[in-house]
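# Descriptive structure summary
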Amino acid sequence: TPFGRLSIDEPLGKLLLEKAVHIKADLIAHQFEHSIEVELPILYHFLGNFQFVPIACQVSTLAIYRSVALEIYEAIKGFKEDVLLIASSDMTHYEPEQAARRKDRSAMEAIVSLDEEDLVKRVRKDDITMCGVAPVAILLSCVKLLGAKKAQVAMYQTSGDASGDYSSVVGYAGIIVS
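Residues numbered from 1 in each chain as written. Predicted model: local features only at pLDDT ≥ 70, side-chain atom pairs only at ≥ 80, totals over all residues. Heavy atoms only, no water.

Let us look at the pattern of salt bridges. Side-chain pairing between opposite charges can occur once the charged atoms of the two side chains come close. A complete count under the given rule lists eleven salt bridges for this structure. Ionic pairing is found between Asp-161 and Arg-101, a salt bridge with its closest N-O pair at 3.2 Å. Taken together, the residues span a long stretch of sequence, with Asp-161 in helix α7 (residues 159-163) and Arg-101 in helix α4 (residues 97-112) at a distance of 60 residues. When its relative accessible area of 27% is taken as the criterion, Arg-101 is described as partly exposed. The partner of Asp-126 in a salt bridge is Lys-125, and the shortest N-O contact between them spans 2.9 Å. (Salt bridge = Lys/Arg side-chain N within 4 Å of Asp/Glu carboxyl O. Helix = DSSP H or I, 4+ residues; strand = E, 2+ residues; numbered from the N terminus. Buried < 20%, exposed > 50% of the residue type's maximum accessible area, 1.4 Å probe, protein only.)

Looking at where Ser-89 falls in the secondary structure, it is placed in the loop between α3 (62-76) and β3 (93-95). Among the polar contacts made by the side chain of Ser-89, one reaches the main-chain amide nitrogen of Gly-132 at a distance of 2.8 Å. If near-sequence neighbours (up to four positions away) are discounted, Ser-89 is found in contact with Met-130, Cys-131, Gly-132, Val-133 and Val-136. (Polar contact = N/O pair within 3.5 Å; in protein donor to acceptor, adjacent residues only side chain to side chain. Contact = heavy atoms within 4.5 Å.)

With 15 residues, α3 should reach 21 Å at 1.5 Å per residue; the first-to-last C-alpha distance of 21 Å fits that figure. Within α3, burial applies to Leu-62, Tyr-65, Val-68, Ala-69, Glu-71, Ile-72, Tyr-73, Ala-75 and Ile-76. Residues of α3 that are buried sit in contact with α1 (10-19), α5 (116-125) and α6 (133-145). (Expected span 1.5 Å × (residues − 1).)

Quick look at the structure:
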């Protein structure tokens, strides 16, 4: 990162791999994934030096998402240190502002309701081009196992808010689950 090197939390990574059927060590999965490049400097700014375990997710079924969430839950529930879970996704991609906001509002309603099943249904039904539906669905399922009770939108904007071009935007949401 611009702030220096960060390291993988190897004990947690090993624990995840031991507990998981669906999670595999795969360096190639991270080769072209770029979301973590954005997150790590921000996390470093707020947290200072920390360790992390990146997990790249592919599109699958709700049953698989819930199974992966259970595997993550089983690994972290007895872990000796606190674990912060983050799922990364843009929202709607390259649609006019009004359409993107409508679709994103639909997805955010499901997320704020902590309802991964509803999220997956809405993304399919409304053709929402949210690239990270898998990690968000996994996160929602996992945090409920950990006792989460609520979520709230901290901020929502589109690329049009920065560029002034509202003809084709990408949506961005920050949602906090507790």
